[in-house]
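# Overview (structure and organization)
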Protein chains: 2
Amino acid sequence: MGKQTPQESTDKVAANGLINRRHLLSLSLGGVGMAVANTVLGQELQIPSWSRMPGPGPSAYGNRSPYAENMLRLIYNTDPLYPGGGGSRSPLQHLHGTITPNSLHFERHHAGIPAINPEQHKLVINGLVRQPLVFNYEALLRYPMVSKLYFVECSGNSGALLRQAEPDQSGTAQSLHGLVSCAEWTGIPLSTLLDEAGVLSEANWVAAVGADAASMGRSILLGKALDDSMVALFQNGEPVRPGQGYPLRLLNPGWEGNTNVKWLTQLKLTAEAPHFRDETSKYTDTLPNRFSLKFTFPMGTKSLITSPSGQMMLEKPGIYRISGIAWSGSGGIRRVEVSADGGRSWAEALIEGQLNEKALTRFSIPWEWSGGEAVLQSRATDNQGSVQPTRDTILAERGNITAYHNHCIQSWGVNTMGEVRNVYA
Amino acid sequence: MGKQTPQESTDKVAANGLINRRHLLSLSLGGVGMAVANTVLGQELQIPSWSRMPGPGPSAYGNRSPYAENMLRLIYNTDPLYPGGGGSRSPLQHLHGTITPNSLHFERHHAGIPAINPEQHKLVINGLVRQPLVFNYEALLRYPMVSKLYFVECSGNSGALLRQAEPDQSGTAQSLHGLVSCAEWTGIPLSTLLDEAGVLSEANWVAAVGADAASMGRSILLGKALDDSMVALFQNGEPVRPGQGYPLRLLNPGWEGNTNVKWLTQLKLTAEAPHFRDETSKYTDTLPNRFSLKFTFPMGTKSLITSPSGQMMLEKPGIYRISGIAWSGSGGIRRVEVSADGGRSWAEALIEGQLNEKALTRFSIPWEWSGGEAVLQSRATDNQGSVQPTRDTILAERGNITAYHNHCIQSWGVNTMGEVRNVYA
């Protein structure tokens, strides 16, 4: 204790400093530089000012510490000619665990946030059903609900890495990848409401439409709607926030964010795919032959190192905690591997919590930075065996004009100054 | 469809209207009064104002809907002679799922909230250790962490039901039981930090002390500290809120709230229990023989119906969703039963999400209110087989002067007007 060198106290599991993921949980960190002091306690420690007088008491609605208020969403793509459009990205580099606080959940709006009075909002189910139905908010509250953690990811997330030939030197986890968030969603299984309306045998699709001024609509496969889709009314315990669809949104677990229609007001059963405007102008995957793939619904197996990440600075050589998030639109995460040498050698990361299906999973691995150059990558494998691809693989498959559904391996370069930057590797 | 009567379409599983919990998930609700309309769609539905023009765009920090802003904590016990003291209760009747948003997590302070600068905060581990250690915030961020959902419950929660001979006619789920909340906590296993300090074999207890002006301290059994206790730095993804202990708190999963020392600044290993002031003046269980039980650490197996609950109003006879939360400080919830006739007959409720250990579990069951009188109760059983007791059982065990650790069955009376009130049954 206290005298071991890193070589004695750790076992390296991949090149350039990666340490066995179980190491820090099962053994001591003694001697590997963890800012500890063997001191005469009480002499060096002064009683801080905040321990000398009572502070403010309880409140009706709690706030963050002023020292944590720099954690904000990053607004993008707003344009006076496109009122209410654009979005905001979650500060992934500041978040830990798997849940995104509601105030920091990413947004993507096509005509801004409608100011819906829940008492006047309607949800219609019609089309190929035995009996068209109209629900109001209060009626929906009487239905049985389910509560589950699910991620939502915009299909345009991480698109810059495909669009831009050169890496974004100033990019952060937030600015490049912040269109993914995770919450406990509570809502009514859509199958319950569809059963009540009585879906006719000719129906194959559901046209889902929101109450925003864009009438944002998406085509949903009936099989999904009857599987795990829900009409979500609550998000992390409280009513769904206006920016996420208050009073209710469609939630198609694992599917591209845009299909989770916010401010949901209509579900129309159809025989053929309804083909909404945004399904041709957006959200398609281009191919090298100039054709495009439509209806890429489940988001790919993906992971991202959030710390260290772009714009961070390693102050000096020593042990760091590499931490990040992994997810798959097709189920759970089986494994996350981490590389410190640009993908030549890999070590298995520790999963820090539960392995939820179609939800963010937190991983970490200890890493000893020698002070030399490093390229940090993570690679997720989901429980279907699907492995996160490289950037080159995706570009080869889709040509150089694709921008949606990018789930490629992300690389953070560390230089000898300790600066961390987005790189392509 | 649409013509079935309740008798035809439901199967009753206990007296006074309780319906099989699987019913609403597996069958249709058609015909049981769910506010549906068989209408010519498009004629009766008007385009609402908020669908006619773009709304506001994305923002850096999201807010709630103005229609949901009535969900606030309820402040209690503040006193100018006791600056910063008192607490605030979570609005349980408005929350769904299992997570409490951080702004609504209950509080209980003994000298208010210290305004801690994390860069100056220290965590000391000393006493019976091989090497005393001091950690700062940045050093702690380098450690491996775990993320798990855990409830925290004040041991004084629901105490009014034991103290008061007559039920509180104006009591709500919040005012009577709102000192329980649940979050995803992310932090360092305490065993990791204790291993690094090197616990000596004579140590049996840990004295945990906070940096508030009350120097709030509690005695923690070493066995717990080495089991699942953590030094929590994050709560639902973001830094622990000041009201919950920013920048770090002790988290002893399942143990009474007060042991989860906020603003944690010292952990001192001792051979004997340190016996802090608040462990004699408060948090003991009185017994009929005038002795008191000390150190009742794990919170009892408990459940609570949050809807319908006190001060709610059933507008007319029909199907309602009875919903509530269940938890146990000793592990997971195996089963929740619901009664509509004051405990004479019971039906098993549906668990609406995952069965997490030492976390809130959401249950529900459909109930047809006939318009007559009813007494609604829930009864949890944990996976150790421990069953939630009646109020009479607890009063008989502890005499009539007990106030802490009340986990008795709660009764909500419904009268023929549909008014819901706290009753003793």
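Up top is the structure.
Calculation criteria
- Residues numbered from 1 in each chain as written.
- Chains lettered and ligands numbered in written order.
- Predicted model: local features only at pLDDT ≥ 70, side-chain atom pairs only at ≥ 80, totals over all residues.
- Heavy atoms only, no water.
- Helix = DSSP H or I, 4+ residues; strand = E, 2+ residues; numbered from the N terminus.
- Buried < 20%, exposed > 50% of the residue type's maximum accessible area, 1.4 Å probe, protein only.
- Contact = heavy atoms within 4.5 Å.
- Lys, Arg positive; Asp, Glu negative; His and termini not counted.
- Charge placed at Lys NZ, Arg CZ, Asp CG, Glu CD.
- Salt bridge = Lys/Arg side-chain N within 4 Å of Asp/Glu carboxyl O.
- Nonpolar A, V, L, I, M, F, W, Y, C, P; charged D, E, K, R; others polar.
- Pairing = 2+ DSSP bridges.
- Axes fitted to C-alpha atoms, helices over the stretch in contact; angles between N-to-C directions.
- Least-squares fit on C-alpha atoms with pLDDT ≥ 70 in both.
- Polar contact = N/O pair within 3.5 Å; in protein donor to acceptor, adjacent residues only side chain to side chain.
- Phe/Tyr/Trp six-rings, centres within 6.5 Å; stacked < 30°, edge-to-face > 60°.
- Lys NZ or Arg CZ within 6 Å of the ring centre and 35° of its normal.
- Arc of directions from axis to C-beta.

Summing up its helical and strand segments, chain A has nine helices and 26 strands in all. Along the three orthogonal principal directions, the C-alpha set of chain A runs to about 75 × 65 × 45 Å. Taking all 425 residues of chain A together, 63% fall into the buried category. Partitioning the contacts of chain A with sequence separation of at least 6, the portion at a separation of at least 24 is 73%. A distance of 1 Å separates the average location of the 36 positive side-chain charges in chain A from that of its 36 negative side-chain charges.

A separate point is the interface of chain B and chain A. Chain B puts 110 residues into the contact, and the matching count from chain A is 108 residues. Between the two partners, chain B and chain A, sit zero salt bridges. Element by element, the count of residues in the side of chain B that touches chain A is highest for strand S6 (residues 122-127) of chain B, at four residues. Across the side of chain B that touches chain A, the residue classes break down as 55 nonpolar, 40 polar and 15 charged.

It is worth spelling out the environment of Ile 325 of chain A at this point. Residues and elements named next belong to chain A. With respect to the helices, strands and loops of the structure, Ile 325 is situated in strand S19 (residues 318-327). The exposure class of Ile 325 is buried, given its relative accessible area of 2%. In the structure, Ile 325 is positioned 26 residues away from Ile 351 in sequence and 9.6 Å away in space, judged by C-alpha atoms. If sequence neighbours within four positions are ignored, Ile 325 has contacts with Leu 92, Gly 97, Val 180, Lys 302, Ser 303, Leu 304, Thr 306, Leu 360, Thr 361, Arg 362 and Phe 363.

In this section: the sheet that holds S6 of chain B. Within a sheet, adjacent strands bond to each other through the backbone by hydrogen bonds, running parallel or antiparallel. All names here are of chain B. Pairing is mixed across the open sheet formed by five strands, whose spatial order is S7-S6-S15-S10-S11. What marks the edges here is a single partner per strand, and that holds for strand S7 (133-136) and strand S11 (217-221). With direction set aside, neighbouring strand axes in the sheet form an average angle of 15°. Sheet analysis places strand S10 (residues 205-210) next to strand S15 (residues 264-270), joined by six bridges and oriented antiparallel. Paired with Ala 207 across the two strands is Lys 268, which belongs to S15. Sitting on the sheet, helix H6 (residues 190-197) is in contact with S6, S7 and S15, with an inclination near 135° to S7.

Let us now look at the relation of the copies chain B and chain A. Note on the identical chains: chain B maps onto chain A by a rotation of 180° and an axial translation of 0.0 Å, with an RMSD of 0.0 Å. The transformation just described matches what one would write down for a two-fold rotation axis. When C-alpha distances to the rotation axis are compared across chain B, the minimum falls at Pro 101 of chain B, with a value of 3.8 Å.

Glancing now at the sheet that holds strand S5 (residues 107-109) of chain A. Residue and element names in this part refer to chain A. In space, the three strands of this open sheet follow the order S3-S4-S5, with antiparallel pairing throughout. The strands lining the two open edges of the sheet, one partner per strand, are strand S3 (74-76) and S5. Adjacent strand axes in the sheet meet at a mean angle of 10° when their direction is disregarded.

All names here are of chain B. Most of S10 is tucked away, with six of its six residues classed as buried. In S10, alternate side chains face the same way, and those of Trp 205, Ala 207 and Val 209 on one face and Val 206, Ala 208 and Gly 210 on the other are all buried. Two strands pair when backbone bridges link them, and S10 and S11 are joined in this way by five bridges, in the antiparallel orientation. In the sheet register, Trp 205 faces S11, and the bridge partner there is Leu 221. Between the antiparallel neighbours S10 and S11 lie six residues, among them Ser 215 with a positive phi of about 45°.

A separate point is the side chain of Gln 93 of chain B. Residues and elements named next belong to chain B. With respect to the secondary-structure elements, Gln 93 resides in the loop between strand S4 (86-89) and strand S5 (107-109). According to the relative accessible area criterion, Gln 93 is buried, its value standing at 14%. From its side chain, Gln 93 meets the backbone nitrogen of Gln 174 in a polar contact 3.4 Å long.

Moving on, we get to the packing of aromatic side chains. Counted by the stated rule, this structure contains 12 aromatic pairs over all chains. For the pair Phe 151 of chain A and Trp 327 of chain A, a centre-to-centre distance of 6.4 Å together with 55° between the ring planes defines the contact as tilted. Of the two residues, Phe 151 of chain A sits in strand S8 (residues 146-153) while Trp 327 of chain A sits in strand S19, which places them 176 residues apart along the sequence. Judged by its relative accessible area of 1%, Phe 151 of chain A falls in the buried class. The exposure class of Trp 327 of chain A is buried, given its relative accessible area of 0%. The interplanar angle of 50° and the centroid separation of 5.3 Å between the aromatic rings of Tyr 283 of chain A and Tyr 404 of chain A together place this pair among those described as tilted. Of this pair, Tyr 283 of chain A sits in the loop between helix H8 (278-281) and strand S16 (285-286) while Tyr 404 of chain A sits in the loop between helix H9 (391-398) and strand S25 (411-414), placing them 121 residues apart in sequence. Over the ring of Trp 346 of chain A we find Arg 379 of chain A, and its NZ or CZ is 4.1 Å from the ring centre. Note that Arg 391 of chain B overlies the ring of Tyr 424 of chain B, its terminal NZ or CZ placed 3.5 Å from the centroid.

If you trace the backbone, Ser 65 of chain B turns up in the loop between helix H2 (23-26) and strand S3 (74-76). Side-chain polar atoms of Ser 65 of chain B contact the backbone nitrogen of Tyr 67 of chain B, separated by 3.0 Å. Excluding residues that lie within four positions of it along the chain, Ser 65 of chain B makes contacts with Pro 242 and Tyr 246 of chain A.

Residues and elements named next belong to chain A. Applying the stated rule across the entire model yields 24 salt bridges over all chains. A salt bridge links Glu 153 to Lys 302, with the shortest nitrogen-to-oxygen separation between them at 2.7 Å. Of this pair, Glu 153 sits in strand S8 while Lys 302 sits in strand S18 (residues 302-307), and the two are 149 residues apart along the sequence. As far as the burial class goes, Glu 153 and Lys 302 line up, both buried. Here the salt bridges do not stand alone but share partners, grouping Arg 218, Glu 256 and Glu 279 into one network.

Residue pairs spaced three or four apart in an α-helix point in one direction, given the helix's 3.6 residues per turn. Residue and element names in this part refer to chain B. Within helix H9 (residues 391-398) the residues assigned to the buried category are Arg 391, Ile 394, Leu 395 and Arg 398. The buried residues of H9 all sit within an arc of 100° when viewed along its axis, so they share a single face. Of the exposed residues in H9, the ones pointing more than 90 degrees away from its buried face are Asp 392, Ala 396 and Glu 397. On its buried face, H9 sits against helix H4 (160-163) and strand S16 (285-286).

The next point concerns unusual backbone geometry. All names here are of chain B. Note the cis peptide between Tyr 246 and Pro 247, where omega equals 5°. The residue Pro 247 is located in the loop between strand S13 (238-239) and strand S14 (249-251) in this model. For the bond running from Ser 307 to Pro 308, omega is 0°, close enough to zero to count as cis. Assignment of secondary structure puts Pro 308 in the loop between strand S18 (302-307) and strand S19 (318-327). For Asn 236, which is not a glycine, the phi torsion comes out positive at approximately 50°. By the secondary structure assignment, Asn 236 is in the loop between strand S12 (230-235) and S13.

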